[in-house]
Amino acid sequence: MSGGHFDYNQMRIQYIIESIEGEIERSGKKIEYEPGINRGEWELEYHYEYPQDIIAEFKKGLYILKQAYIYTQRIDWLLSGDDGEDSFRERLKEDLKEIEYAKPVQALWGGETDC
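Small disclaimer: the values here were computed from a predicted structure and weren't measured. (Residues numbered from 1 in each chain as written. Predicted model: local features only at pLDDT ≥ 70, side-chain atom pairs only at ≥ 80, totals over all residues. Heavy atoms only, no water.)

**A word on the environment of F88**
Working step 1: Of note, F88 is situated in helix 3 (residues 85-98).
Working step 2: F88 gets classed as buried once you look at its relative accessible area, which sits at 16%.
Working step 3: Separated by 17 residues in the primary sequence, F88 and Y71 place their C-alpha atoms 9.9 Å from one another.
Working step 4: For F88, the contacting residues outside a window of four places in its chain are R74, I75, L78 and D83. (Helix = DSSP H or I, 4+ residues; strand = E, 2+ residues; numbered from the N terminus. Buried < 20%, exposed > 50% of the residue type's maximum accessible area, 1.4 Å probe, protein only. Contact = heavy atoms within 4.5 Å.)

Here it is as structure tokens:
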């Protein structure tokens, strides 16, 4: 494993990203319980359904968190000596391009941003 300058703490950002993506994915869906296990009266039948404006805010946050993860990872590799300055620039550009699909979410901010 490369990097390590930040003690791999960028993985905490990745965990947060995955957790929020899971909340979006599960929002309002029926909870699937293990076969043969009876659901108690107190247990929910559906996951909480977040309003669409909250889902939109989650998606904005995901875009920012993904940027933070990418920057942290690339800087970590540069500071750890795994990447030189040229490869840092190149990999940063490539990694950021991979999350561009989230850019349309910026319309929810009311226009273009510098994010």
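**Here's the deal with helix 3**
Working step 1: The terminal C-alpha atoms of helix 3, which comprises 14 residues, lie 20 Å apart, in line with the 20 Å expected from a rise of 1.5 Å per residue.
Working step 2: Among all positions in helix 3, only F88, L92, D95 and L96 are buried. In a view along the axis of helix 3, the buried residues occupy a sector of 95°, so they form one face of it. Of the residues in helix 3, the exposed ones pointing more than 90 degrees away from the buried face are D86, E90, K93, K97 and E98.
Working step 3: Against the buried residues of helix 3 lie helix 2 (52-79). (Expected span 1.5 Å × (residues − 1). Arc of directions from axis to C-beta.)

**Here we look at the nonpolar core**
Working step 1: Membership of the largest hydrophobic core is limited to 10 residues, which are I13, I17, L62, Y63, Y69, I70, F88, L92, L96 and I99.
Working step 2: For this core, the secondary-structure elements that each account for two or more residues are helix 1 (10-26), helix 2 and helix 3.
Working step 3: No other element matches the 4 residues that helix 2 contributes to this core.
Working step 4: Each residue touching I70, except ones within four places of it in the same chain, is listed here: L92, D95, L96 and I99. (Core = buried A, V, L, I, M, F, W, Y, C linked by side-chain atoms within 4.5 Å.)

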